[in-house]
Amino acid sequence: MALHQATGTSPLAGCLPMLAQAPAFLIWYRVFTAPTVAGEPNALLAHGFFGGPLSTHLVGGGHPFVFVALLLIVVALAVVSLRRTRRVAAMTGAPEPPAFVLALPFLSVLSALFLPLAAVLYLVTTLAWSAAENVVLRRGLPAG
């Protein structure tokens, strides 16, 4: 809090990017779950990914083989995030974050169990992009 007060920023300032992308995510979710769009059949629902329709859910009769592969990727990315968080804490001499903070990346895995395949693909893409972006932005820094 002292750092936020010294710089004149709000602790909630980090929520702005999340709030900015929330409408787009909600629209994408709706596009891949609505049977009709503007009174016409939703043509996107006719497409699939490795044999699984984009509108299918794992829980409730989804295409398990497609979801398992994507869930394994999400778990791997969550583990990478967890290791990075611990490494940064060790490098800076800060105490390790509380368990609930360390568990946050794994909420993506939980949400992927209930999202349609199209949203899980979006989730995997954004998590992988964020991980790759972090590697690029942190190159040249000590590995710790």
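Sequence order sets the numbering: in each chain, residues are counted from 1 along the sequence as written. Residue-level local features of this predicted model are given only where pLDDT is at least 70; pairs of side-chain atoms are given and counted only at 80 or more, and the full residue set underlies all totals for whole chains, interfaces and linings. Side-chain numbers come from the whole structure's heavy atoms, not from hydrogens or water.

Things to note about the packing of helix α3 (residues 64-92) against helix α6 (residues 117-137)
The packing of two helices is summarised by the inter-axis angle and the distance between the axes.
Move 1: All axes are obtained by fitting lines to C-alpha atoms, using only the stretch in contact for helices, and the reported angles, taken between N-to-C directions, cover 0 to 180 degrees. In this description a helix means any DSSP run of H or I spanning at least four residues, a strand means any run of E spanning at least two, and both kinds are numbered starting from the N terminus. Interhelical geometry of α3 versus α6 gives an angle of 30° and a closest axis separation of 10 Å. In this view, α3 runs roughly parallel relative to α6, as classed from their interaxial angle. As α3 runs across α6, the sense of the crossing is left-handed. Residues V66, F67, L70, I73, V74, L77 and R84 of α3 lie in contact with α6, whose contacting residues are L117, V120, L121, V124, L127, A128, A131 and N134.
Move 2: Taken together, the residues of the contact of α3 with α6 break down into 13 nonpolar, one polar and one charged. Roughly parallel here means an angle under 35 degrees, roughly antiparallel means over 145, roughly perpendicular means 65 to 115, and every remaining angle is called oblique. By definition, turning the near helix anticlockwise from the far helix through less than a right angle yields a left-handed crossing, and turning it clockwise yields a right-handed one. It only takes one pair of heavy atoms within 4.5 Å for two residues to be counted as in contact. Put simply, Ala, Val, Leu, Ile, Met, Phe, Trp, Tyr, Cys and Pro go in the nonpolar bin, Asp, Glu, Lys and Arg in the charged bin, and everything else, Gly too, in the polar bin.

What to know about the nonpolar core
Move 1: Core analysis: the biggest nonpolar cluster contains 17 residues, and L54, L70, A112, L117, V120 and V124 have the highest contact counts within it.
Move 2: Broken down by secondary-structure element, the contributors of at least two residues to this core are α3, α5 (107-112) and α6.
Move 3: Among the elements that make up this core, the one with the highest residue count is α6 (seven residues).
Move 4: Each residue touching V120, except ones within four places of it in the same chain, is listed here: F67, L70, A112 and L115. The set of buried Ala, Val, Leu, Ile, Met, Phe, Trp, Tyr and Cys residues whose side-chain atoms join them within 4.5 Å is what this entry labels a nonpolar core. Accessible area is worked out with a 1.4 Å probe on protein chains only. A residue is then buried under 20% of its type maximum, exposed over 50%, and partly exposed in between.

As for a nonpolar patch on the surface
Move 1: A patch consists of residues whose relative accessible area exceeds 30% and which take part in no salt bridge; residues with like charges are grouped when within 9 Å of each other, and nonpolar side chains (Val, Leu, Ile, Met, Phe, Trp, Tyr) when within 5 Å. Exposure was quantified through the Shrake-Rupley algorithm and a 1.4 Å probe, taking into account, for residues, occlusion by the shown protein chains and nothing else. When a carboxyl oxygen of Asp or Glu is within 4 Å of a side-chain nitrogen of Lys or Arg, the pair counts as a salt bridge. A cluster of nonpolar side chains, namely V59, L104, L107, L110 and F114, defines an oily patch on the protein surface of about 480 Å² accessible area.
Move 2: Here L107 is to be found in helix α5.
Move 3: With a relative accessible area of 49%, L107 lands in the partly exposed category.

What about α6?
Move 1: Here α6 contains 21 residues, and its C-alpha end-to-end distance of 30 Å stays within 8% of the 30 Å for a straight helix at 1.5 Å per residue.
Move 2: Turning to α6, its buried residues are L117, A118, A119, V120, L121, L123, V124, A131 and N134. Expected span of a helix: the number of residues minus one, times 1.5 Å.

Points about the environment of F114
Move 1: Within the element layout of this structure, F114 appears in the loop between α5 and α6.
Move 2: When the C-alpha positions of F114 and L58 are compared, they lie 6.5 Å apart, and in sequence the two are 56 residues distant.
Move 3: The contact partners of F114, leaving out residues within four places of it in the chain, are H57 and V59.

Focus: the side chain of N42
Move 1: Mapped onto the fold, N42 is located in the loop between β2 (40-41) and β3 (48-49).
Move 2: For N42, a relative accessible area of 8% corresponds to the buried category.
Move 3: Among all residues touching N42, those that are not within four sequence positions of it are V31, A34, P35, T36 and V37.

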